[in-house]
Amino acid sequence: MSAAMAMLAVAVVALFAHGATAASIDWQWHTGRATHYGGAGDPWSIHNGHCGYGYLDPSVGTGWDIAAPSDQNWDYDSSTSNCGVCYEIACNGMDFSDFYGNYLERTDVCYNGGETSVVVMVSDICPCYYPSNQYSNKRWCCGDMQHFDVSVFAFEKLADVKWGVIGIKYRRVPCDYQPAKKAYRPSSAAAAQESTSAPWNWNSSKDKRWTLWSQKQSWNFGDATYSSTAGLQGWSDSGSWGIAKWDRDSSWGFDGQQAYCVTLSGYGGAKFNAWSGALSSKRTLEFWVRMNDGAAPDVTIKLASPNGGCKDVRLRDLTPNDSKAGWQRYWVQLTSFDWRGRNDGGAFSGCSDSVSDWDVNTLFFTNNWGSNQYLCLDQIKLF
């Protein structure tokens, strides 16, 4: 952000986080606001983000279109800082106030009437509590409104950077999603400049987002409204134990796309994380699994939360709903995981009186054998 707009500066913490998550894709638009940071003259660099990616190559993933969500946003996951999650953001002409009650008129500031949008990847956070920049961080990132600090390179495609803050609408999307009307900086507007140079001997393959981006393209996990090879849409593979992943050439799904295939050692488990609330009001867990020698793998399906686990469901006790080319599709009613014995196929309301539907954010497939088993999963969905 320019020195003239320093009053709007929002600190973003340069602490390293490990790994990344791909959040659930709900396609629902939400209202918020956005400030901008980065570029020449701004003390907060887009290359020093909390997620630890380091220098960001403009040609990798979403390039320099990145964002730092408030840690008070409704879908913020403190365990992952939403690193690697992508959002589609559009300018939303509206008037609003900051945390201190200062009224800001931004009804007529959007380029193209707010009909165009940009996809940003989370590489940083905007913490409410940040003593060294207390006034500004509290002004924007303390939960009075859903808020994103986006790079100046993304902001300049939505509105003139002179405004410093704008109203937005946003939604989670796959990171390779292409907006119907993609936003571009108007040719009449001066382009933001980047003062950080690429490291010595740099090439784009050294961008740490490549690992994340490749993983996101590798598994054909979808959601109820969008199914593609866009990646771990809804779940991130994190915390698995006793597994060996197959190489890409061996991991083909039932539809000829990439699947998630591993060898589970004795009592090993594949663990997938989603954001809190991903299962709220959903009814069904759907997935495809490849048969081993004509039978489904002997695995147990588990759901869990930070407050405790849910009732186990054994895969071989279920009846497949469909089969295709050596794969079986299962629809598991989420109420099957309820310790209270509720199994009516209704909306999921948690596992017990102490584990609510909002708490549950982890899915396991665990090996029931003391010896190796193959596990290939595809198209994991919630609806």
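Residues numbered from 1 in each chain as written. Predicted model: local features only at pLDDT ≥ 70, side-chain atom pairs only at ≥ 80, totals over all residues. Heavy atoms only, no water.

Student: Quick question: what am I supposed to make of the state of the cysteines here?
Tutor: Formally, a disulfide is one covalent bond, and it connects the sulfur atom of one cysteine to the sulfur atom of another. Enumeration according to the criterion identifies 7 disulfides in this entry. A sulfur-sulfur separation of 2.1 Å characterises the disulfide bridge that pairs Cys91 with Cys110. Disulfide Cys91 to Cys110: torsion about the S-S bond roughly -70°, handedness left-handed. Pair noted here: Cys91 is in strand S3 (residues 86–91) and Cys110 is in the loop between strand S5 (103–106) and strand S6 (117–122), with a separation of 19 residues, a long-range link. This pair shows no difference in class: Cys91 is buried, exactly as Cys110 is. The disulfide partner of Cys310 is Cys351, and the gap between their sulfur atoms is 1.7 Å. Of note, the bridge from Cys310 to Cys351 carries an S-S torsion of about 60° and is right-handed in sense. Placement of the pair is Cys310 in the loop between strand S14 (308–309) and strand S15 (313–314) and Cys351 in the loop between strand S17 (327–333) and strand S18 (362–367), with a sequence separation of 41 residues. Cys351 shares its class with Cys310; the two are buried. (Disulfide = S-S within 2.5 Å. Helix = DSSP H or I, 4+ residues; strand = E, 2+ residues; numbered from the N terminus. Buried < 20%, exposed > 50% of the residue type's maximum accessible area, 1.4 Å probe, protein only.)

Student: Would you take a moment to explain unusual backbone geometry for this structure?
Tutor: The phi angle of most residues is negative, glycine excepted, and most peptide bonds adopt the trans form. Residues other than glycine seldom take positive phi values, yet Ser81 does so here, at roughly 60°. Secondary-structure assignment places Ser81 in the loop between strand S2 (66–69) and S3. With phi around 70°, Ser281 is a residue other than glycine that occupies positive phi space. As for its placement among the helices and strands, Ser281 is situated in the loop between strand S11 (260–273) and strand S12 (284–290). For Ser281, a relative accessible area of 53% corresponds to the exposed category.

Student: What's the story with the confidence of the model for the protein in this structure? I'm lost.
Tutor: Note: predicted coordinates in regions of low pLDDT should not be interpreted at a detailed level. For the protein, per-residue confidence averages 82 on the pLDDT scale, and residues scoring 70 or more make up 83% of the total. pLDDT under 50 marks residues 213–233. Its contacts with residues more than four places away, or in other chains, come to 76 contacts. (pLDDT = per-residue confidence, 0-100. Contact = heavy atoms within 4.5 Å.)

Student: Whenever I open this one, the side chain of His47 confuses me. Can you help?
Tutor: Mapped onto the elements, His47 comes out in the loop between strand S1 (30–37) and S2. Residue class for His47 comes out buried when judged on its relative accessible area of 6%. Looking at His47, its side chain comes within polar contact range of the main-chain nitrogen of Leu56, at 3.0 Å. In contact with His47, not counting residues within four places along its chain, are Gly54, Tyr55, Leu56, Trp64, Glu194 and Thr196. (Polar contact = N/O pair within 3.5 Å; in protein donor to acceptor, adjacent residues only side chain to side chain.)

Student: Explain the packing of aromatic side chains to me, please; I cannot follow it from the model alone.
Tutor: Aromatic rings in a pair are described by how distant their centres are and how their planes are angled relative to each other. Throughout the structure, instances matching the rule amount to 15 aromatic pairs. Pairing Trp44 with Tyr130 gives two aromatic rings, centres 6.3 Å apart and planes at 70°, and the pair type is edge-to-face. Here Trp44 is found in the loop between S1 and S2, whereas its partner Tyr130 is found in the loop between S6 and helix H1 (134–141), with 86 residues between them in sequence. The pair Trp44 / Tyr130 is uniform in exposure class, with both members buried. Each ring, one from Phe272 and one from Phe365, has its centre 6.4 Å from the other, and the planes form 75°; the classification is edge-to-face. Taken together, the positions of Phe272 in strand S11 and Phe365 in strand S18 put the pair 93 residues apart, joining distant regions of the chain. For Phe272, a relative accessible area of 0% gives the class buried. Judged by its relative accessible area of 1%, Phe365 is buried. By the ring-pair criterion, three or more aromatic residues cluster together here, those being Tyr260, Phe272, Phe287, Tyr330 and Phe365. Looking at Lys169, its charged tip hangs above the ring of Trp29, at a distance of 4.6 Å from the centre. (Phe/Tyr/Trp six-rings, centres within 6.5 Å; stacked < 30°, edge-to-face > 60°. Lys NZ or Arg CZ within 6 Å of the ring centre and 35° of its normal.)

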